[in-house]
Amino acid sequence: MKIVGMICEYNPFHNGHIYHIKKVKEMFPDSFLVLVLNGYFLERGEISLLTKEAKTDIALEHGIDLVLELPVVFGTQAADIFAEKAIEILNYVGVTDIVFGSETNDIHLLYQMAKIQLEPEFDTRVKKQLDLGINYPTALSKAMNFPVMIKEPNDLLGISYAKAILKNDYKICLHTIKRTNSYHDLLSNDSIISASNIRMKFKNQEDIMNFVPAKVPLLFQSYSEKLLFQILSYQIMMNSDLKSYETVDEGIEYRLKEAILVTNSLEEFIQFVKTKRYTYNRIHRMIIHILLGFTKKINQELKLDYLHILGFSQKGQQYLKKLRKQVNIPLKPITTSPIYEFEKRAAFFYELLTNSAVQIFEKSNKPIIKKEN
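Residues numbered from 1 in each chain as written. Predicted model: local features only at pLDDT ≥ 70, side-chain atom pairs only at ≥ 80, totals over all residues. Heavy atoms only, no water.

For the coordinates displayed, the defined rule picks out nine aromatic pairs. Relative to Y350, the ring of F41 lies with its centre 6.4 Å away and its plane at 85°, an arrangement referred to as edge-to-face. Placement of F41 in the loop between β2 (31-38) and α2 (52-61) and of Y350 in helix α16 (residues 338-354) is noted, with a sequence separation of 309 residues between them. Judged by relative accessible area, which is 1%, F41 ranks as buried. Both rings, one in F294 and one in F342, keep their centres 5.4 Å apart while their planes meet at 75°; by these two values the pair is edge-to-face. (Phe/Tyr/Trp six-rings, centres within 6.5 Å; stacked < 30°, edge-to-face > 60°. Helix = DSSP H or I, 4+ residues; strand = E, 2+ residues; numbered from the N terminus. Buried < 20%, exposed > 50% of the residue type's maximum accessible area, 1.4 Å probe, protein only.)

Structural data, given as structure tokens:
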């Protein structure tokens, strides 16, 4: 039996994710599906439309056998860290293959690019480009010096997956399925559209029922941008050492202090801070790190010290019985771990911003068990 891994954020879960699961089952008919799931705050610094509990429940309902948490301290970082930790989790539970959506659908090309990025002098080349004042994605492309330029988000993440596997010598094979739409497309009305498009339509109060399972919109959590901006303003104004936070680099702390004094909303704040070097996504991650009190020092000392099981099917339950005898890492949160501390903080702030009740699920540490028909 193949143990097949998937890495998702489900912001929100939509028809494309159903297609993803269906294609995996076609590729590996006799397989056990493991999902590493990002929770309340996401890789681009976004706030999830669905709670961690809701996403887990939906995943199990649509054929996933085991759902594992990607901790917020890794899930809100740039692609390389996001990918490396997600794959580390999958490796712990015996995953042999990983399937992800790709714009190029060319796994050999992605591996080629991963190997270039792992060359000893590559980081130096990137730094030289950054010193010219360009943003990180462009610096990365220029440092590659490769005939084909990869710019699409799923392919870039795929390169990070390949780097993690090569660097750590994991015995995991990567497989791609062709992405059916562009992450940047906000206009399409096909049955499968991007999560960005769905979020935009939802924000504009457009009907999204053709793009997601019927129950999904009923579970959406709206958050208060005004409250987020107020909390952020307080944190920035009262903190004399902003540069200690993860992602706050290169003197940007002075710009943050200035921005809070002259802007009146979260969007105004982001537009004021934004530069070529500090992209929209990077600023969003920075906001989350400041909000959670996530510092560079803590980040440097972090290691994955447990796996958090969010849910499982009956098939998953049987697999876990065998896994507990083999895996050399705890399969439940360590309450003294800094990873768990930040997961509790994330739940607290998510609940505060959305007026949901996620802390009950977080503190119980009880996985969701799929009821079989």
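Looking at the secondary structure, you find I287 in helix α13 (residues 280-292). For I287, a relative accessible area of 4% puts it in the buried group. Remark: the alpha-carbon pair of I287 and L302, spanning 15 residues in sequence, is separated by 20 Å.

The end-to-end C-alpha distance of helix α1 (residues 15-27), which contains 13 residues, comes to 18 Å, matching closely the 18 Å that a straight helix rising 1.5 Å per residue would cover. N15, G16, H17, H20, I21 and V24 are the residues of α1 that are buried. Buried residues belonging to α1 abut β1 (2-8), β2, β4 (97-102) and β5 (173-178). (Expected span 1.5 Å × (residues − 1). Contact = heavy atoms within 4.5 Å.)

Here we take up the pairing of strand β3 (residues 66-70). The element β3 is extensively covered by neighbouring structure, given that five of its five residues are classed as buried. Every second residue of β3 is oriented toward a common face, with L66, L68 and L70 on one face and V67 and E69 on the other, all of them buried. Strand direction decides the pairing type here: β2 and β3, joined by five bridges, are parallel. Across the sheet, residue V36 finds its bridge partner in β3, namely L68. Each parallel crossover has a hand, and for β2 linked through α2 to β3 it is right-handed. (Pairing = 2+ DSSP bridges. Right-handed = clockwise from strand over helix to strand, strands pointing away.)

What follows covers the nonpolar core. Of all hydrophobic cores here, the largest spans 125 residues; its most connected members are F41 and F269. Of all the elements, α16 adds the most residues to this core, at eight residues. With residues up to four places along the chain from it excluded, the contact list for F269 reads F229, L232, I236, L256, A259, I260, T263 and I287. (Core = buried A, V, L, I, M, F, W, Y, C linked by side-chain atoms within 4.5 Å.)

Next up on the list: the side chain of E69. Of note, E69 is situated in strand β3. Side chain to side chain, E69 and K52 meet in a polar contact 2.6 Å long. Apart from residues no more than four positions distant in its own chain, E69 is found in contact with L37, K52, I89, Y306, H308, L310, E343 and E362. (Polar contact = N/O pair within 3.5 Å; in protein donor to acceptor, adjacent residues only side chain to side chain.)

In this structure, P12 follows N11 across a cis peptide bond, with omega equal to 0°. Turning to its location among the elements, P12 is positioned in the loop between β1 and α1. Notably, T247 is not glycine yet its phi reads approximately 80°, a positive angle. Summarising the element assignment, T247 is placed in the loop between α10 (225-238) and α11 (252-262). Non-glycine residue E250 carries a positive phi angle of around 55°. Along the polypeptide, E250 turns up in the loop between α10 and α11.

Time to look at the sheet that holds β4. Strands sit in the order β5-β4-β1-β2-β3-β6-β7 across an open sheet of seven strands; the sheet is mixed. Strands at the two margins of the open sheet, each flanked by one partner only, are β5 and β7 (368-369). The sheet contact formed by β4 and β5 spans six bridges and is parallel. Across the sheet, residue V99 finds its bridge partner in β5, namely H175.

Our focus in this paragraph is the pattern of salt bridges. Within this structure, the stated rule accounts for 25 salt bridges. Ionic pairing is found between E69 and K52, a salt bridge with its closest N-O pair at 2.6 Å. Taken as a pair, E69 in strand β3 and K52 in helix α2 lie far apart in primary sequence, 17 residues in all. K52 carries the same exposure label as E69, and that label is buried. In this structure, K344 engages E341 in a salt bridge whose closest nitrogen and oxygen atoms are separated by 3.9 Å. Residue K344 and its partner E341 are located together in helix α16, separated by three residues, close to a single helical turn. One network of salt bridges, with partners in common, ties together D249, E250, R277, R282 and K296. (Salt bridge = Lys/Arg side-chain N within 4 Å of Asp/Glu carboxyl O.)

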